[in-house]
Structure formats: structure tokens, C-alpha cells
Amino acid sequence: MHRHVYGFIVMILAATLIAACGSADKGPAETALKAAEAAVNAAKTEVSKYMPDQASALDGGLAAARDKFNKGDFKGALSDAQGVTAKANELVSAVAAKKAELSKAWQDISTGMPKVVEAIQSRVDILSQAKKLPAGMTAEKFAEAKAGLAEITKQWSEATAASTSGNLTDALAKATAVKKKAAEVLTALNMPVPEALKS
Amino acid sequence: MAEKKNDPWAIPDIGPETDEKKTGSGADAFDATQWHEVKTGETLWKIAEQYYGDGNLYPKIFDANRDVLKDPNRINIGQKLRIP
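Worth saying up front: this structure is predicted, and the values here are computed from it rather than measured.

Colleague: How should I be thinking about the environment of W45(B) in this particular structure?
Modeller: Residues and elements named next belong to chain B. Along the chain, W45 falls in helix α3 (residues 44-52). The exposure class assigned to W45 is partly exposed, which follows from its relative accessible area of 38%. Distance in space between the C-alpha atoms of W45 and R82 is 14 Å, their sequence separation being 37 residues. Filtering out sequence-adjacent residues up to four positions away, W45 remains in contact with G55, N56 and Y58.

Below, the structure written as C-alpha cells:
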């Protein structure tokens, strides 16, 4: 009988000890979760914009940490939440680097493209005054080049509008289409295609 | 190298070689200027006919090269002219 009572007491003590240890992690886990939520909220907008695939990883990590916390796995929640915070901070730095890279690319293209458009416009204007087109250029080919110039002008204004609104990714995607079209038009006009339009 | 020199579509290398020129990045890489190296027997009229199909448009080339041409009837062999 005594043995049973002692056994029972030992079991209760052990359970209390385990629970106490778990509860000791609850506070830090809660704090870490709050910090992780704040870090994710601060990073999310920019990360979604510039690294959308990474934004879901942040959400997933935070959800996993919350789940562990709700199930009483405070140690696991603490570790996961700290990991999410570190990842969010890492992504903020990566986004800043990406933004700098995109800004440089846009700066180059926004300085260079108007020169290309100007060269095309000048040649189109001159050829429009010619009584005869140069060897190897048909009236159809010239008409296509003129239509191409109109398309380039339209696409370029869309790209600059995207840049003005702060969407550099979209602006550069549109500018890539402009570069491709400009290379086609330059070739049709027997003009040299600049290096930047070949890539 | 010699092929590039004789290529009428080639852009002459102006100024020192920079990293941007090497990699083809930067605003210089967007330079779409067309150049023509004057050859024996050529006139501005002939050059205009070659590029525009109409020799009467030679003043366009003359105007674009006023920094190196003083007289449309005097061009020199080897001179590099901008073709607007």
C-alpha cells in the first residue's frame, strides 16, 4: 500500500516538474512570437514586392511557431519564432540589396533608352522624306519599323509610369520588352543594335 | 579585328575602355549612333544614298557632322561620320 502511495507521489512530482519546466519557456516563447510577428509585419510588404516566394516562407514559419505554442511546445515555439525573426531580418537586408540592384538597372535603362528612341525617330523622320528607300528596305519593312516605333513609345511610357509609381520590377519587365522591340526596329532600319539591347 | 574595322555598321571605340564598356552595361551600352568611315571616291551624296536611298538628303549627314565638316563637298578618306 505504502509503495503505491510513494509511487503515486513520485509521479505527481515528476509531472509537476515537467509542467513547471514547460511553463518556464512559455513567457520567452510568447515574447519571441510577438517579436517574430513584428519582424514579419515590418518586412512583409517589401518582401512580397521584391521576393514574393520568400514571403510565404515567412508566413509558414510564423504559423508553425504559433501552432507549436498552442500545443504547449513552448521550447519548439521559441526556437521557431527566433528563426522567423532572424529570417525576416535577413530578408530585409536582401530586399535592400535587390532594390539597389533594380534601381541601378533602371537608372541605366532610363538614361540609355531615350537615346535609342531618339536615334530611331531621327532615322524614321529622314527616311520619311526620302524619295526612294535604301537598298534592302521595302515600303512594308519601313511601315513595320514606324509601327514598331509607335509601340516602343507607348511601352516606354508604361515602363516609366511603373517606375514613377515605385514598381521597379514591373518597370524593368516592361523595359525589357521595349529593348527587344527596339532591337527589331533598329535591325529593320539597317541600324546598329547597341550592346545593351542584345541581352 | 580587321573585319570589325571594315564593318560600316561597327561603332568606333571612343574613349578609354571602362568596366561598363567591357560588360556592356551602363548608359554607354545604349549608344545607337551609326558611324560611317569614308572610303575612296565617296561623297556625302553617295553616303546619303546608301543609308537613306536618296542622295538629296545629304545635308542631314552634313548637319550631324558640323563638328568635323566645314564644307559638304570636302570629306576625307578615313573620316568617321555620324549617320543620323
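That was the structure; now back to the text.
Colleague: So what exactly am I meant to see when it comes to the nonpolar core here?
Modeller: Soluble globular proteins: nonpolar side chains tend toward being buried together. If you look at the biggest cluster of nonpolar residues, it comprises 74 residues, and the most contacted ones within it are W106(A), M113(A), V116(A), I120(A), L189(A), L197(A) and Y52(B). Elements with a minimum of two residues in this core: α1 (2-50), α2 (52-70), α3 (74-129), α4 (139-164) and α5 (168-188) of chain A together with α3, α4 (58-64) and β2 (80-83) of chain B. Tallying contributions element by element places α3(A) first for this core, with 19 residues. Ignoring anything within four residues of it in the chain, the contact list for L197(A) reads M113(A), V116(A), K179(A), A182(A), A183(A), L186(A) and F30(B).

Colleague: Can you help me understand the environment of E30(A) in this one?
Modeller: Of note, E30(A) is situated in helix α1. In the structure, E30(A) is positioned 44 residues away from F74(A) in sequence and 8.2 Å away in space, judged by C-alpha atoms.

Colleague: Any chance you could explain unusual backbone geometry here in plain terms?
Modeller: A negative phi angle is the norm for most residues apart from glycine, just as the trans form is the norm for most peptide bonds. Residues and elements named next belong to chain A. Its identity as a non-glycine residue notwithstanding, N190 has a phi of 60 degrees, on the positive side. Checked against the element boundaries, N190 lands in the segment after α5. By relative accessible area, which is 25% here, N190 ends up partly exposed.

Colleague: I keep staring at the interface of chain B and chain A and nothing clicks. Help me out?
Modeller: Quite often, the size of an interface is put as the accessible area lost when its parts meet. Facing the 23 residues of chain B at the interface are 27 residues of chain A. Interface area, chain B with chain A, both sides summed: about 2000 Å², of which 61% is carbon and sulfur. When residues of chain B are sorted by the area they lose upon contact with chain A, F30(B), A32(B) and Y52(B) head the list and together hold 32% of the total. For the pair chain B and chain A, the number of links is 0 salt bridges. Connecting chain B to chain A are 8 residue pairs in polar contact (both at pLDDT 80 or more). Per element, the largest residue contribution to the side of chain B that touches chain A is 4 residues, and it comes from α3(B). By residue class, the composition of the side of chain B that touches chain A is 11 nonpolar, 7 polar and 5 charged.

Colleague: Explain the environment of A42(A) here, please?
Modeller: All names here are of chain A. Assignment of secondary structure puts A42 in helix α1. With relative accessibility at 63%, the residue A42 sits in the exposed group. Separated by 46 residues in sequence, A42 and A88 place their C-alpha atoms 8.5 Å apart.

Analysis parameters
- Residues numbered from 1 in each chain as written.
- Chains lettered and ligands numbered in written order.
- Predicted model: local features only at pLDDT ≥ 70, side-chain atom pairs only at ≥ 80, totals over all residues.
- Heavy atoms only, no water.
- Helix = DSSP H or I, 4+ residues; strand = E, 2+ residues; numbered from the N terminus.
- Buried < 20%, exposed > 50% of the residue type's maximum accessible area, 1.4 Å probe, protein only.
- Contact = heavy atoms within 4.5 Å.
- Core = buried A, V, L, I, M, F, W, Y, C linked by side-chain atoms within 4.5 Å.
- Buried area = accessible area lost by both parts, 1.4 Å probe.
- Salt bridge = Lys/Arg side-chain N within 4 Å of Asp/Glu carboxyl O.
- Polar contact = N/O pair within 3.5 Å; in protein donor to acceptor, adjacent residues only side chain to side chain.
- Nonpolar A, V, L, I, M, F, W, Y, C, P; charged D, E, K, R; others polar.

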